[in-house]
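Residue-level structure breakdown
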Amino acid sequence: ASAEQLKEQYEHFKKLFELTPETLTRITDRFVETLERGLKKEGETVPMLPTYVFGWPTGDEKGSYLALDLGGTNLRVCHVILKGGGQFEVTQTKFRLTEEQKQIEGQELFDFCADCLNTFISDHFGGPDGTVHLEEDIALGFTFSYPMEQDKIDHGKLVRWTKGFGNPNTEGNDCAAMFRKSLEKYEVPIKMTSLINDTTGTLIASNYVRNKTKIACIFGTGCNAAYMEHISNIPKIDHHGLPGDRDMAINCEYGAFDSFEHKHMADIRTKYDEYIDLHSNKPHEQSYEKMIAGLYLGEIFRLVMCDLVDEGVLFLGQNTYKIEKPNVFDTAFLSLIESDPTDELLTVTGLFAHFFGLETTMEERKFFRQLAELIGTRAARLSSCGIAAIARKMGYEKEGCEVGADGSLYSKYPHFADRLHEALRDQFGKDCKIHSHQAEDGSGVGSAIIACMTLLRR
Ligand code: ADP
């Protein structure tokens with residue numbers, strides 16, 4: 001393609017993907033209303049799940065805890081020593097889950113968790129004679145990051161499996177009880193005190209270390225956030241026996257924002273967003289997440305390329321079958337393209353040659369860099385709306401607050417954090433006092449702190 005042609009294309013996609021400050025502000029307004037609706041009523045698209053984690057840690061929580069994280073690709077077991085003063089030490093082991101294990105009988109999956117825990121305990125606390133030296137009744141926090149219905153901290157009914165899990169006889173059951181049964185079966189000498197979602201853990205761990213942290217967000221495979229709400233502002237829960245003057249962490253599950261009807265973002269949704277939605281395994285769900293998260297950005301980029309191949313703009317005279325397969329263009333490739341340090345964009349040359357057998361012209365490579373910038377920037381700017389909505393709802397704009405952020409997109413995608421901050425300034429003004437920072441480990445440290453807080457409350 002000629003430089004002229006690609007410049008025209010760039011202008012076209014710039015219009016498609018750019019978000020003005022006015023658009024961001026409008027989406028944030030709708031987002032605030034959505035969060036409030038989720039707190040009022042069960043069954044809303046953004047479910048605003050109560051976590052039964054009450055209030056902030058003091059930072060002085062101390063002691064020795066275990067944490068188990070069943071999160072997707074790995075099962076992780078951690079031993080966490082909380083030292084107070086926002087300090088901690090972690091030792092951990094990862095156990096890889098096979099695809100088969102994601103489909104075995106539910107109870108067998110929890111048996112495997114208990115078995116791994118036993119292995120970890122004998123590896124780390126076993127003496128040479130095989131005896132185990134473990135603090136009596138050490139508490140364990142279980143991070144189980146699938147949608148759960150909870151009415152207390154050590155109980156959680158699995159609503160449905162996500163992330164490719166499909167273990168039978170688990171949905172609708174109390175997973176804490178199932179796990180306890182496995183602990184008994186394997187005679188693991190610990191007690192599970194709390195069952196949490198990783199976003200909630202991230203909120204608590206980040207606040208433990210920096211007490212100005214009021215919001216936690218994840219930008220990884222999906223996107224989500226948690227924050228601390230006044231119990232009196234959660235009309236939908238049974239307030240009997242709850243301390244009405246206190247706070248409870250809310251797991252927003254806000255990747256679902258604008259799902260089903262697409263009322264709030266209709267004007268910014270592109271045909272690529274529509275395509276991804278309709279061809280996903282859950283059409284019409286997780287609409288906000290599908291425009292932001294790691295699982296989708298590479299695919300948006302790929303769909304644009306395919307369009308331009310069809311229009312005869314890119315890769316003229318070459319066989320493009322390798323990029324025509326769904327999901328072959330990982331979001332990590334966008335990171336690579338955006339961070340190519342060479343003037344000739346040699347990383348981009350190598351990427352297309354090596355993975356897709358395609359030669360690129362300098363003009364094409366420049367265009368790819370611009371396209372990655374547009375898609376990455378849209379994601380980061382749109383990400384600001386959920387954060388801005390929580391901040392506005394809670395009145396954090398004036399005093400300011402820290403936002404603990406985690407996930408590969410936040411930690412590895414070039415300029416993601418800067419673009420997010422710029423979008424927050426677009427909405428709250430130049431002196432915006434809402435800042436994000438790399439969050440602490442939620443499913444290890446956060447889970448341990450929550451286990452500790454739970455024991456202290458009893
Ligand atoms: P998870 O959300 O599953 O806990 P991550 O935070 O690592 O895990 O997110 C994984 C997602 O991040 C994947 O969708 C992957 O495509 C994307 N990803 C991995 N590495 C990078 C990178 N360097 N830059 C941008 N995205 C990445």
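- The chain is annotated in an unreviewed UniProt entry as Phosphotransferase of Tilletiopsis washingtonensis.
- UniProt annotates the chain under Sequence similarities (unreviewed entry) with the comment "Belongs to the hexokinase family."

1. Observations concerning the overall build of the chain
- Secondary structure assignment for the chain yields 15 helices and 13 strands.
- For 458 residues, the compact-globule estimate of 2.2 N^0.38 gives 23 Å, and the chain sits close to it at 23 Å.
- Seen through its C-alpha atoms, the chain measures out along the principal axes to roughly 70 × 50 × 40 Å.
- For the chain, long-range pairs separated by at least 24 residues make up 73% of all intrachain contacts whose partners lie at least 6 apart in sequence.

2. Observations regarding the UniProt feature "domain: Hexokinase C-terminal" (unreviewed entry) in the chain
- As annotated by UniProt and renumbered to match this structure, "domain: Hexokinase C-terminal" (unreviewed entry) occupies residues 214-453.
- The span residues 214-453 shows a helical share of 48% and a strand share of 12%, and its end C-alpha atoms are spaced 17 Å apart.

3. Comments concerning the UniProt feature "domain: Hexokinase N-terminal" (unreviewed entry) in the chain
- The positions that UniProt labels "domain: Hexokinase N-terminal" (unreviewed entry) are, in the present scheme, residues 10-208.
- Strand forms 26% of residues 10-208 and helix 35%; the C-alpha atoms that close the span are 45 Å apart.

4. Observations concerning the environment of I387
- Within the fold, I387 resides in helix α11 (residues 362-394).
- Each C-alpha atom, one on I387 and one on V90, is 29 Å from the other, the two residues being 297 residues apart in sequence.
- With near-sequence residues (within four places) excluded, I387 lies in contact with I215, C217, A225, V403, L424 and I434.

5. Some details on the nonpolar core
- Core analysis: the biggest nonpolar cluster contains 131 residues, and C113, I215, A225, F301, I375, I387 and I449 have the highest contact counts within it.
- For this core, the element with the highest residue contribution is α11, accounting for 15 residues.
- Not counting residues up to four positions away in its chain, the partners in contact with C113 are L68, L70, L75, F179 and S182.

6. Thoughts on the site of the ligand
- Around the ligand there are 14 residues in total, and G220, G294, S335, S408 and K412 lie nearest to it.
- Looking at the shell around the ligand, the elements with two or more residues in it are α8 (294-310), α9 (331-338) and α13 (408-412).
- Residue composition of the shell around the ligand, grouped by class: four nonpolar, eight polar and two charged.

7. Concerning the packing of helix α1 (residues 3-17) against α11
- At a minimum axis distance of 10 Å, the contact between α1 and α11 shows a crossing angle of 5°. Judged on the interaxial angle alone, α11 and α1 are roughly parallel. Of α11, the residues touching α1 (which contributes A3, L6, Q9, Y10, F13, K14 and F17) are E363, F367, Q370, L371, L374, I375 and R378.
- Broken down by class, the residue content of the contact of α1 with α11 amounts to nine nonpolar, two polar and three charged.

8. Thoughts on the sheet that holds strand β13 (residues 434-438)
- Judged by pairing direction, the sheet is mixed, and its six strands sit side by side in the order β1-β11-β10-β9-β12-β13 without closing on themselves. The sheet is open, and its two edges are formed by β1 (49-54) and β13, each paired on a single side. Between one strand axis and the next, the sheet turns by 25° as a mean value, whatever way the strands run.
- In terms of strand pairing, β1 meets strand β11 (residues 247-251) through three bridges, oriented antiparallel. Residue L49 lies in a different strand from β11, and its bridge partner there is N251.
- Here helix α5 (residues 198-209) sits on the sheet in contact with β1, β9 (213-219), β10 (223-230), β11 and β12 (401-406), set at roughly 140° to β9.

9. Considering unusual backbone geometry
- One non-glycine residue, Q286, adopts positive backbone phi at about 50°.
- Of note, Q286 is situated in the loop between α6 (271-278) and α7 (287-290).
- Notably, N327 is not glycine yet its phi reads approximately 65°, a positive angle.

10. A word on the environment of K212
- Mapped onto the elements of the fold, K212 is located in the loop between α5 and β9.
- C-alpha separation for the pair K212 and K290, spaced 78 residues apart in sequence, amounts to 30 Å.
- Discounting chain neighbours no more than four positions away, the residues touching K212 are C401 and E402.

Thresholds, definitions, all that
- Residues numbered from 1 in each chain as written.
- Predicted model: local features only at pLDDT ≥ 70, side-chain atom pairs only at ≥ 80, totals over all residues.
- UniProt positions renumbered as here; feature names shortened; annotations may be inferred.
- Helix = DSSP H or I, 4+ residues; strand = E, 2+ residues; numbered from the N terminus.
- Rg over C-alpha atoms; globule rule 2.2 N^0.38 Å.
- Contact = placed C-beta atoms within 7 Å.
- Core = buried A, V, L, I, M, F, W, Y, C linked by C-beta atoms within 7 Å.
- Buried ≥ 20, exposed ≤ 12 C-beta atoms within 10 Å, placed from the backbone.
- Near = placed C-beta within 6 Å.
- Nonpolar A, V, L, I, M, F, W, Y, C, P; charged D, E, K, R; others polar.
- Axes fitted to C-alpha atoms, helices over the stretch in contact; angles between N-to-C directions.
- Parallel < 35°, antiparallel > 145°, perpendicular 65-115°, else oblique.
- Pairing = 2+ DSSP bridges.

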